[in-house]
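# Architecture and fold: a report
Letter by letter, the chains look like this.
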Amino acid sequence: MGDLLTIDTYNAAALAAIDAFGLDVRDVRPISKTENVVFRIEEAQTGQLFALRLHRPDYNALDTLVSERAWTSALAGAGMIVPTGRQARNGDWYVPIATPDAAQWRYAGITVWHQGRTVESLIGTERGPETWPWFQRLGELLGDLHTNTEHWTIPSGFVRHSLDIAGLAGEKPFWGRFWESACLDADERSLLGAAREWVIGELGNLQREGAPFGLIHADGHLDNVLISGDRLGLIDFDDCAFGWHVFDFAVSLHSSWPSEHFGAIRDHFLAGYASRRPLPHNVLEQLDLFLLIRSLMLVSWREMRPDITGNMQKALWMPKLVRDVQHALNNNRI
C-alpha cells in the first residue's frame, strides 16, 4: 500500500508533526517520497528552513534514530556541516505520527535545512579532469569525518547496526541476501553465491589484520554530499553504521568506478583523505574489495526499489558485475 501512496497523502501527517515540534510555519513544501517522506518547512518568525522527515516504518528503531542524532550533534559541534536537529515540545528528538501507511505511523524528526546543492547535481555523470578536485575535497571530508569520530566518546546506549562480516555477507545481511535475489537467473545466483564466500574470506582477513573499523556514514554517494558556500558537508545519515573505513571510500567512489578516468579520480580522493589522516594499510586492495561489495549490496537494493528507473534493467549493470566477480574469483583481486 505504502508504495502506491503519493507524497500529498502525507500532508496531514506533516502538519501534525509540525505541531508536535512547536513550529509556527509559513510554508510547507513536499520534497521527496523514497524510503522516507521529506517536507521542507519554513519557520514564520525567523525564516529558518527545516527538513521534516517521516522515517520509513520498520527500518530504524527509536534508539538507533536517537543515536544518529547524538553522532551528528557531535560532528556539528566539531564544525562539520551535517544534519542537526530540533527537539519536539516534549523534549524528544523524534515523535510518532499517524500516517496513511499500512503500519499506520512513522517517527517524525526535524532537521535544520542547509542551503546548497549536491555534488551529484553539479557534475552528474561527468568524470573529466574538471571534476577531479571535487573528489579530492570529498576525500578530505571523509578524513575529517573519521578523525572527528575517533575523538568522540560514544555515549552509553548508542545503537547502530554493523556492516561487519555478518552485516555484509552473513545469513541475514543488512541489505538482504543478494545471492538469492529474484532478479537473478540460476547461473547468476551460483556466481554471486561464490562471490559471497570469497567476500567472507576477504573480510575475515581484514578483521584479523585490524583494518580501521568504526562509525561510518555508509551512504556518502555524491547525492548525499552537499556543497554549501565554499564548504562540503554530508547529509542523510539514515544508513550510518559501524563498518570498515574504506567502505565509506567505496560508496563515495562507486558511481565513478566504470569511468575510464577512475584511476585519477581514486588518486585524487585518496590524496584528499591522506591530507587529513593516514591512509589504511593496503588501501587499494581494500577499496577493490569494498567496491565489489557495494555492487553486490545494490543487487538487493534494486530488487527493493523497482520504482527507480533502470534498477530492474539488468543490461545496465549486470554485465559489469559479472565481470568484476569473475575477475575477483580468478585473480583473488578485482
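Everything here concerns the structure above.
Every residue gets a number counted from 1 within its own chain, in the order that chain's sequence is written. Under the rules for a predicted model, residues below a pLDDT of 70 receive no local features and side-chain atom pairs below 80 are neither given nor counted, while totals for whole chains, interfaces and linings still include all residues. The basis for every side-chain value is the complete set of non-hydrogen atoms in the structure, without hydrogens or water.

When the centres of two rings from Phe, Tyr and Trp lie within 6.5 Å, Trp using its six-membered ring, the rings pair. Their planes under 30 degrees apart give stacked, over 60 give edge-to-face, and anything left gives tilted. If you walk through the whole model with that rule in mind, you get twelve aromatic pairs. Their ring planes at 85° and their centres at 6.0 Å tell us that phenylalanine 247 and phenylalanine 290 sit as a pair that is edge-to-face. Of this pair, phenylalanine 247 sits in helix 7 (residues 245-253) while phenylalanine 290 sits in helix 9 (residues 283-304), and the two are 43 residues apart along the sequence. There is no split in this pair, since phenylalanine 247 and phenylalanine 290 are both buried. Members of the aromatic cluster, joined through ring pairs, are Phe213, Trp244, Phe247 and Phe290. Only DSSP runs of H or I covering at least 4 residues are called helices, and only runs of E covering at least 2 are called strands; the numbering of each starts at the N terminus. Each residue gets one of three labels from its accessible area relative to the maximum for its type: buried under 20%, exposed over 50%, partly exposed in between, using a 1.4 Å probe on protein chains only.

By this definition, two strands are paired if DSSP reports at least two bridges between them. Spatial strand order, 7-10-11: three strands in an open sheet with antiparallel pairing. Edge strands, defined here as strands with exactly one partner in the open sheet, are strand 7 (117-118) and strand 11 (231-234). Sheet analysis places strand 7 next to strand 10 (residues 225-228), joined by two bridges and oriented antiparallel. Of the residues in strand 10, the one forming a bridge with arginine 117 is isoleucine 227. Across the sheet, helix 4 (residues 132-150) is in contact with strand 10 and strand 11; its angle to strand 11 comes to roughly 55°. Should any heavy atoms of two residues lie within 4.5 Å, those residues are counted as being in contact. The axes used here are C-alpha line fits, helices contributing only the stretch in contact, and every angle between their N-to-C directions lies in the interval 0 to 180 degrees.

As for its placement among the helices and strands, valine 325 is situated in helix 10 (residues 318-331). Classification of valine 325 as buried rests on a relative accessible area of 0%. Spatially, the C-alpha atom of valine 325 lies 33 Å from that of threonine 147, the residues being 178 residues apart in sequence. The contact partners of valine 325, leaving out residues within four places of it in the chain, are Leu191, Ala195, Leu292 and Leu296.

By convention in these notes, a salt bridge is any Lys or Arg side-chain nitrogen within 4 Å of a carboxyl oxygen on Asp or Glu. By the definition in use, this model includes 19 salt bridges. Linking arginine 177 and glutamate 171 is a salt bridge whose minimum nitrogen-to-oxygen distance equals 3.2 Å. Assessed through its relative accessible area of 31%, arginine 177 is described here as partly exposed. The residue lysine 320 makes a salt bridge to aspartate 324 at a minimum N-O spacing of 2.6 Å. Of the two residues, lysine 320 and aspartate 324 are both situated in helix 10; the distance of four residues between them amounts to about one turn of the helix. When its relative accessible area of 22% is taken as the criterion, lysine 320 is described as partly exposed. In this structure, a network of salt bridges that share partners links the residues Glu171, Arg177, Glu180, Arg196 and Glu197.

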